[in-house]
Amino acid sequence: MSIRLIALELYQAWREIQALEKRIAHAPLSERTALEESLRQLKAEHTRLRQALEGAKD
């Protein structure tokens with residue numbers, strides 16, 4: 001995968017994290033657990049993409 005595509009996916013993941021954090025802040029308690037799990041997975045994907053991008057730059 002090219003550096004440009006990785007960077008685009010990284011940016012998209014970051015935007016999704018921001019949106020999900022806002023959603024969690026306004027969500028009722030009954031929905032927060034599922035949303036927080038989604039956020040955890042999304043942050044893990046973001047970290048994986050960031051590490052891939054750093055590896056590609058070396």
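Our structure's up above, just so we're on the same page.
Each chain carries its own residue numbering, running from 1 in the direction its sequence is written. Thresholds applied to this predicted model are a pLDDT of at least 70 for local features of residues and 80 or more for the giving and counting of side-chain atom pairs; totals over whole chains, interfaces and linings are not thresholded and use all residues. Hydrogens and waters are ignored; side-chain quantities use all the structure's heavy atoms.

Attention shifts here to the pattern of salt bridges. Any Lys or Arg side-chain nitrogen found within 4 Å of a carboxyl oxygen on Asp or Glu counts as a salt bridge. On inspection of all chains with the given rule, the structure shows three salt bridges. A salt bridge links Glu 21 to Lys 43; its shortest N-O distance comes to 3.6 Å. With a gap of 22 residues between them, Glu 21 in helix α1 (residues 3-26) and Lys 43 in helix α2 (residues 29-57) connect regions that are remote in the sequence. Only protein chains enter the accessibility calculation, which uses a 1.4 Å probe. A residue is then buried if its area is under 20% of the maximum for its type, exposed if over 50%, and partly exposed in between. Overall, the relative accessible area of 32% leaves Glu 21 in the partly exposed class. Here Lys 43 falls in the partly exposed class, since its relative accessible area comes to 38%. Linking Arg 40 and Glu 37 is a salt bridge whose minimum nitrogen-to-oxygen distance equals 2.6 Å. Within this pair, Arg 40 and its partner Glu 37 are both found in helix α2, separated by three residues, close to a single helical turn. Judged by relative accessible area, which is 33%, Glu 37 ranks as partly exposed. Put simply, DSSP marks the helices as runs of H or I at least four residues long and the strands as runs of E at least two long, and each gets a number from the N terminus on.

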